[in-house]
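If you want the building blocks of each chain, they are given just below.
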Amino acid sequence: MRNIRLIARLDIKGPNLIKGIHLEGLRIIGSPNEHALRYYNEGIDEIIYMDSVASLYGRNSLDDIVKSAAKDIFVPMTVGGGIRSLDDVSNTLRCGADKVAVNSEAVKNPELIRDIATRFGSQCMVLSVEAKNISPDHWEVYIDNGRERTHLDVIEWVQRAEDLGAGEILLTSIDQEGTRRGFDIPLVEAVTKIVSVPVIASGGMGSSSDLAKVVIEGKADAVAMADILHYERETVNNLRKYALSEGIEVRDI
Amino acid sequence: MNKLDVVVIDYGIGNLLSVQRGLEYCGADVTVTDDKDIIMNATRVVLPGVGAFSDGMKGLNKTGLNHVVCDYAASGKPLLGICLGMQMLLNESEEFGFNQGLGLIPGKVTAIPSLNIENKNHKIPHIGWNSLKLPEGREQWDGTLLNNVIPGESVYFVHSFMAEVSSSEHQIANCLYGGIKISAVIGSGNIIGCQFHPEKSGDVGLKILKHFINL
Amino acid sequence: MTSKKAFFGLPSEVLYCKKCVISNQRPSSTVEFSHKKNEKKLTINFQSDGVCDACNYHETKEKEINWSQREEQLLEVLNKYRRNDGGYDVIVPGSGGKDSAYTSHVLKYKYGMNPLTVTWAPHKYTNIGWQNFESWLHKGGLDNILFTPNGLLHRYLTKQAFVNLLHPFQPFIVGQRIIGPMMAAKFGVKLVMYGENQAEYGNNPKENFKPTMDTKFFSVSDPKDMIIGGRSVGGIIEEGNFNLNDFTPYIPPTVDFLEDKGVEVHYLGFYHKWDPQECYYYASEHTGFKANTERTEGTYSKYSSIDDCIDMFHYYTTLIKFGIGRATYDAAQEIRNGKITREEGVLLVSKFDQEFPNKYFKEFLEYVSLSESEFHETIDKFRSPHLWTKVNGEWKLRNLVSNN
């Protein structure tokens, strides 16, 4: 009854597109916007840019990349990493972003979620969650690009964030991220069951069948892909065709 | 004056750069401004917007741009409201309490129902690509904003509230979300609104913008 | 300005490399059997342009070394020793961390060798360390001998090393270096292959151009003259709690013995362009290696040296003695390998380098039988005045990389 979105996730460090395993060991892949443009031309539904060193530098440094992308890329862009204040959000949106993804600062100061939603609208406020499995059916929230524990329970946290006005959840599994072994289906399922805002599943996509699994079993509303696109193991076209063949509603181009 | 010039209103809210870039990509000469005279003299105007209705109206009201927009609309020259910009064209909205709009197209803004047509919960906001459909009573889109669009082509929506026009003749296009009809394009003469973001809708969006700048 | 006294004969002026974040206080590898308390430490060399030898060697690695030629040399060595009769033909020492996982797996599955991995047990395996150890063998498909030295003596030596040298890892390093050649001799294997050569990180660069380990690491005439933990073995025996037999694991094979058995110790890092992060990737993909779930204290990394609870104290003591901690080592290596910029390295060092390793502090104190106050008394003795000063009752480093 609604279209599942196919999203390209680009993790950025400085001027480079990077990729890691378990958010660790970051390899340089190439130019962010070269890749983004290719995905756009292939019909990607959305693009997410995450600044992976923002917490270290104390700021988001993607302005130039986003501004440049906005010249040729006309699908929604979400920008995250180091978003700490309403000014940061305003600045990021003015560069051409449509949504901001917030993690670390939202954990430290949850009221920021409410402030952003009130000022800019819930649809602009994506809660980014880095989840690590700690026991069956329990996941812990991590911040600072998977480096610091918070002892917060993911399920409790997403509920709270939704109440505060988060419009979307970008849910990343630290355990599966970069492994190509599929999404953390129990994690995605647990979150989609409990929130009424769209959930973007991220972390672990190995092949097209993982897409079907996370949508059909996990009930994800959107799928974020990184490794599979950056290493050119699959094209957006093939993934779209595959989804349609599995009976998954996606934008028909 | 350049034949393809567009003025985009800056009232402190909205993703101005994307709208500007989209229009420029289509060949327009874009001026982003809050200057009353420039707006009044424009060949065509875009009212963008992202976020809460109340904040949007506050932004317009405190700068006096609400009057400017209405005056401009009265001139008969093309005015395109995008997303929140479209919603503000109507009389009122129930977002965060009761708020008054510009009243340029009769109707109101209400929340998208959280239950779909099967009475099951569906996700709010409505985020994602959705296909444009002809509403009942309309056979084609010739002469409208969607002149070059084929029914079924998809565009990108992101919103929690929707426009309900009072008169069906102002309903130009819909989409279905959870089986529920949602206004996609509305229009009354020179005043047009699109709920989706043409500047974020890839090729389909760009051809819509291209058509607008040729109006 | 009066210059402050520098302990261990360290350079009195602290300099930081212009390219990476290492300082000129970084010690070179020591011949551990004779490592005495007050000896002058050899440190990493800086060229006149302010760039350290490790960075310079890295340039050489990138630009001058013919790696296909090195690969050919490797094949020559391996072809010479490869066996097809079911016997082991190479010993790979390691713990199942990314480096030994890479080395052992590549030797077996790419080059068709028959490795026996040997592990000198960590003082105390962490959970992730043990998991990776098992995964290495079960998923990676390798044979292993895990050698655990007599805990009573090992703990005693570790404590001595900590108290006398502020180098708790010294006995471990001694054992780790011996186990490879020792097992080789016992199994009739002639080839021992370690991963990377410490020379890459700033030892004498000449050592980088030899594929083999210097035999000086093995020459010891009379075991009783060996110095471990800053004490002579003979002296420890005289105390009456241990006898010479207890020291078996620490007595290195003689150079003659090794030559007689034809044992050669090589570094794979001589033949392969070594990149620790690529080892992480390889190990992740082939031996199920997992990075730690949390950041290691004292650094930002999660995949380097994560198997021993006592490990953090090795790095913490280098912070005390030389002013550089774990983040510095990790960042320096990643800068050279082009993973991070110097600017980012400096920020990471500033953020993490001086973090106290709380997580296993109690375990460490228990291991070395010291109280918290004894611990602090001990480390304070090793704070060289040219590096440390007290400000408002707190110890501060005089010269940080972020000030340079």
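Residues numbered from 1 in each chain as written. Chains lettered and ligands numbered in written order. Predicted model: local features only at pLDDT ≥ 70, side-chain atom pairs only at ≥ 80, totals over all residues. Heavy atoms only, no water.

Chemist: Explain the nonpolar core here, please?
Modeler: Note on soluble globular proteins: their nonpolar side chains tend to be buried together. In this structure, Ile44, Tyr49, Leu127 and Val154 of chain A together with Leu23, Val185 and Phe196 of chain B are the most contacted members of the largest nonpolar core, which totals 121 residues. In this structure tyrosine 49 of chain A touches Leu10, Ile12, Asn33, Ala36, Leu62, Ile65, Ala69, Ile73, Met77, Thr78, Val79 and Gly80 of chain A, once residues within four positions along its chain are discounted. (Core = buried A, V, L, I, M, F, W, Y, C linked by side-chain atoms within 4.5 Å. Buried < 20%, exposed > 50% of the residue type's maximum accessible area, 1.4 Å probe, protein only. Contact = heavy atoms within 4.5 Å.)

Chemist: Sorry, what's going on with the sheet that holds strand β4 (residues 79-82) of chain B here?
Modeler: Sheet strands line up and pair through hydrogen bonds in the backbone, either parallel or antiparallel. Residue and element names in this part refer to chain B. In spatial order, the strands read β2-β1-β3-β4-β13-β12-β11; together these 7 strands make up an open sheet with mixed pairing. If you trace the sheet from one side to the other, it starts and ends with β2 (29-33) and β11 (171-177), each paired once. Strand after strand, the sheet turns through a mean of 25° between neighbouring axes, direction not considered. (Pairing = 2+ DSSP bridges. Helix = DSSP H or I, 4+ residues; strand = E, 2+ residues; numbered from the N terminus. Axes fitted to C-alpha atoms, helices over the stretch in contact; angles between N-to-C directions.)

Chemist: Just checking my understanding: could you explain the interface of chain A and chain C for this structure?
Modeler: In this complex, chain A contributes 22 residues to the contact, which on the side of chain C involves 24 residues. For the pair chain A and chain C, the summed buried surface comes to about 2,100 Å²; carbon and sulfur atoms form 48% of the total. For the interface between chain A and chain C, the tally reads 3 salt bridges. Across the pair glutamate 148 of chain A and arginine 295 of chain C runs a salt bridge whose closest N-O atoms are separated by 2.8 Å. Across the contact surface, chain A and chain C share 8 residue pairs in polar contact (both at pLDDT 80 or more). For the side of chain A that touches chain C, the secondary structure elements donating two or more residues are β2 (16-21), β3 (24-30), α2 (54-57) and β9 (148-153) of chain A. For the side of chain A that touches chain C, the element with the highest residue contribution is β3 of chain A, accounting for 5 residues. (Buried area = accessible area lost by both parts, 1.4 Å probe. Salt bridge = Lys/Arg side-chain N within 4 Å of Asp/Glu carboxyl O. Polar contact = N/O pair within 3.5 Å; in protein donor to acceptor, adjacent residues only side chain to side chain.)

Chemist: Where do I start with the side chain of lysine 200 of chain B in this structure?
Modeler: Mapped onto the elements of the fold, lysine 200 of chain B is located in the loop between β13 (191-194) and α6 (202-213). A polar contact is formed between the side chain of lysine 200 of chain B and the side chain of serine 18 of chain B, at a distance of 3.4 Å.

Chemist: Before we go on, may I ask you to explain the side chain of aspartate 153 of chain A in this structure?
Modeler: Residue and element names in this part refer to chain A. In this structure, aspartate 153 sits in strand β9. Buried within the structure, aspartate 153 lacks any salt-bridge partner; its nearest side chain of opposite charge belongs to arginine 149, at an N-O separation of 11 Å. Of note is the side chain of aspartate 153, whose polar atom sits 3.1 Å from the backbone nitrogen of glutamate 156. For aspartate 153, the contacting residues outside a window of four places in its chain are His138, Trp139 and Val141. (Lys, Arg positive; Asp, Glu negative; His and termini not counted.)

Chemist: How should the interface of chain B and chain A be read in this particular structure?
Modeler: Think of interface size as the accessible area that goes away when the parts come together; that is how it is often given. Chain B puts 37 residues into the contact, and the matching count from chain A is 37 residues. Across the interface of chain B and chain A, roughly 2,900 Å² is buried in total on both sides, 56% from carbon and sulfur atoms. Counting the surface chain B buries against chain A, the share from its top three residues, Lys123, Trp129 and Lys200 of chain B, is 25%. Counting the contacts that link chain B with chain A gives 3 salt bridges. Where chain B meets chain A, there are 12 residue pairs in polar contact (both at pLDDT 80 or more). Residue assignment for the side of chain B that touches chain A shows that the elements contributing at least two residues are α1 (16-25), β8 (126-131), β9 (154-159) and α6 of chain B. The element best represented in the side of chain B that touches chain A is α1 of chain B, accounting for 6 residues. When grouped by side-chain class, the residues that make up the side of chain B that touches chain A number 14 nonpolar, 15 polar and 8 charged. (Nonpolar A, V, L, I, M, F, W, Y, C, P; charged D, E, K, R; others polar.)

Chemist: Whenever I open this one, the sheet that holds strand β7 (residues 107-111) of chain B confuses me. Can you help?
Modeler: Residues and elements named next belong to chain B. Sheet architecture is open: 4 strands sit in the order β6-β5-β7-β10, paired in mixed fashion. One side of each edge strand has no neighbouring strand; the edge strands of this open sheet are β6 (99-100) and β10 (161-165). Two strands pair when backbone bridges link them, and strand β5 (residues 92-93) and β7 are joined in this way by 2 bridges, in the parallel orientation. When the sheet's bridge partners are listed, glutamate 92 is paired in β7 with lysine 108.

Chemist: It is not clear to me how the pairing of strand β12 (residues 180-188) of chain B should be interpreted in this structure. Could you clarify?
Modeler: Side-chain direction in a regular strand flips from residue to residue, so the side chains alternate between the two faces of the sheet. Residues and elements named next belong to chain B. Most of β12 sits inside the fold, with 7 of its 9 residues counted as buried. Note: β11 against β12, 6 bridges, orientation antiparallel. Residue pairing for β12: asparagine 174 is matched across the bridge by serine 183. The hairpin turn running from β11 into β12, its antiparallel successor, is 2 residues long, and glycine 178 in that turn takes a positive phi close to 60°. Relative to β13, β12 is paired through 4 bridges, and the arrangement is antiparallel. Residue isoleucine 186 lies in a different strand from β13, and its bridge partner there is glycine 193.

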